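So the chains spell out like this:
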Amino acid sequence: CIRDRLLPTQTLSLRLCILLVALTSCLFVFLSFLFSRGCGRLSLLSVLVMVIYPYTKRFTYFCHWVLGGVYYLAILMVFHALSIVTPSMLFAASLWGMTVGMIIAGNDIIYALQDIEFDRKERLYSIPSCFGEKTAICIASCCLCLSFISYLCLLFYLSYASWVYALACFPLIAIVRMVRSYTKGKITNIGKK
């Protein structure tokens, strides 16, 4: 529940949190530029998106996909850091980033189930507060299905050896299990003790 978190309980002061976020963000951007200019630019964009993300809850329920976008950018940063920036590899990075971004968005929707009452009271936008629990679970499941499709497209695009496809079954199984747990209602007690 929101009131049990570090800032509302005043376990950490707001001033300390802002200082830590500013310092770690600067360090993150500095280190990213050491890898490559492209990685550094993407790090600036990802920090900006992370700063904007909490505010998006005040005007759009697409906030969950904004958070997923940060993880999409992270995958692109890895390829830039490794100097793998050919169009072919950037397309592969985009498929991988979409896979990760959709998993994050889906799980953020599920995570928001525990804050439905608070979000509604504060008039914050989230999929659960705007559309209800059942629709939120359905949308989160669709996000995971999209990540599944993106992951399969990535595998076929890269066309690795058969042993790679065998190893790729493990993440695919995890995605399928998550979708099944969402749709069977096993996540309704998230965050409740």
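Numbering of residues starts from 1 in each chain and follows the order in which that chain's sequence is written. This being a predicted model, a pLDDT of at least 70 is required before a residue's local features are given, and a value of 80 or more before pairs of side-chain atoms are given or counted; all residues contribute to the totals for chains, interfaces and linings. The side-chain numbers reported here are obtained from all heavy atoms of the structure, hydrogens and water having been left aside.

A. Molecular detail of the overall build of the protein. Scanning the protein from N- to C-terminus turns up 8 helices and 0 strands. The helix count covers DSSP runs of H or I at least four residues long, the strand count covers runs of E at least two residues long, and both are numbered beginning at the N terminus. N-terminal to C-terminal, the α/β element order of the protein is α-α-α-α-α-α-α-α. Taken over 193 residues, the protein has a buried fraction of 36%. Residue contacts are counted whenever heavy atoms from the two residues lie within 4.5 Å of one another. Taking contacts inside the protein between residues at least 6 apart in sequence as the whole, the part at least 24 apart equals 63%. To be clear on the numbers: accessible area is Shrake-Rupley with a 1.4 Å probe, and residue cover counts the displayed protein chains and nothing else. Roughly 12,000 Å² of accessible area belongs to the protein as shown, and the carbon and sulfur atoms make up 70% of that amount. The rule is simple: take the accessible area with a 1.4 Å probe, protein chains only, and divide by the maximum for that residue type; under 20% is buried, over 50% is exposed, in between is partly exposed.

B. Layout of unusual backbone geometry. Notably, Arg-123 is not glycine yet its phi reads approximately 60°, a positive angle. Given the relative accessible area of 71%, Arg-123 is considered exposed.

C. Structural context of the packing of helix H1 (residues 14–35) against helix H2 (residues 37–56). Taken N-terminus to C-terminus, the directions of H1 and H2 make an angle of 155°; their axes are 6 Å apart at the nearest point. Relative to H2, the element H1 is oriented roughly antiparallel. Viewed along their axes, H1 and H2 form a crossing whose handedness is right-handed. Every residue of H2 that contacts H1 at Ser-25, Phe-28, Val-29, Ser-32, Phe-33 and Phe-35 is listed here: Arg-37, Cys-39, Gly-40, Arg-41, Ser-43, Leu-44, Ser-46 and Val-47. By residue class, the composition of the contact of H1 with H2 is 7 nonpolar, 5 polar and 2 charged. Axes here mean lines fitted to C-alpha atoms, for a helix over just the part in contact, with angles spanning 0 to 180 degrees between N-to-C directions. Our angle categories are set so that under 35 degrees counts as roughly parallel, over 145 as roughly antiparallel, 65 to 115 as roughly perpendicular, and the remainder as oblique. Note on convention: the crossing is left-handed when the near helix lies turned anticlockwise from the far helix by less than a right angle, right-handed when the turn is clockwise. Ten residues, namely Ala, Val, Leu, Ile, Met, Phe, Trp, Tyr, Cys and Pro, are considered nonpolar, four, namely Asp, Glu, Lys and Arg, are considered charged, and the remaining ones, Gly among them, are considered polar.

D. Molecular detail of the packing of helix H3 (residues 63–81) against helix H4 (residues 87–111). Their axes nearest at 7 Å, the elements H3 and H4 cross at an angle of 150°. One element, H3, and the other, H4, form an angle in the roughly antiparallel class. As H3 packs across H4, the resulting crossing turns out to be right-handed. Here the residues of the contact of H3 with H4 sort into 17 nonpolar, 6 polar and 1 charged.

E. Region of interest: the packing of aromatic side chains. Centre distance within 6.5 Å is the pairing criterion for rings of Phe, Tyr and Trp, where only the six-membered ring of Trp is used; planes under 30 degrees apart are then read as stacked, over 60 as edge-to-face, and the remainder as tilted. Going through the model one piece at a time under the given rule, you end up with 5 aromatic pairs. Taking 6.0 Å as the distance between ring centres and 80° as the angle between the ring planes, the aromatic pair formed by Phe-79 and Trp-96 counts as edge-to-face. Here the residue Phe-79 occupies a position in helix H3, and Trp-96 occupies one in helix H4, the gap between them amounting to 17 residues. You can call Phe-79 buried: its relative accessible area is 8%. We classify Trp-96 as partly exposed; its relative accessible area is 35%.

F. Local environment of the side chain of Ser-150. Along the polypeptide, Ser-150 turns up in helix H7 (residues 133–158). According to the relative accessible area criterion, Ser-150 is buried, its value standing at 3%. Excluding residues within four positions of it along the chain, Ser-150 makes contact with Leu-95, Met-98 and Thr-99.

G. Examining the environment of Ile-103 more closely. The topology assignment puts Ile-103 in helix H4. Linking Ile-103 and Leu-146, residues 43 residues apart in sequence, is a C-alpha distance of 8.7 Å.

H. Looking closely at a nonpolar patch on the surface. Among the surface-exposed residues, Leu-16, Leu-19, Leu-20 and Leu-23 lie close enough to one another that they form a single nonpolar patch of about 360 Å² accessible area. Structurally, the position occupied by Leu-23 is in helix H1. Think of a patch as exposed residues, more than 30% relative accessible area, with no salt bridge, where like charges cluster within 9 Å and nonpolar side chains (Val, Leu, Ile, Met, Phe, Trp, Tyr) cluster within 5 Å. Any carboxyl oxygen of Asp or Glu within 4 Å of a side-chain nitrogen of Lys or Arg constitutes a salt bridge here.

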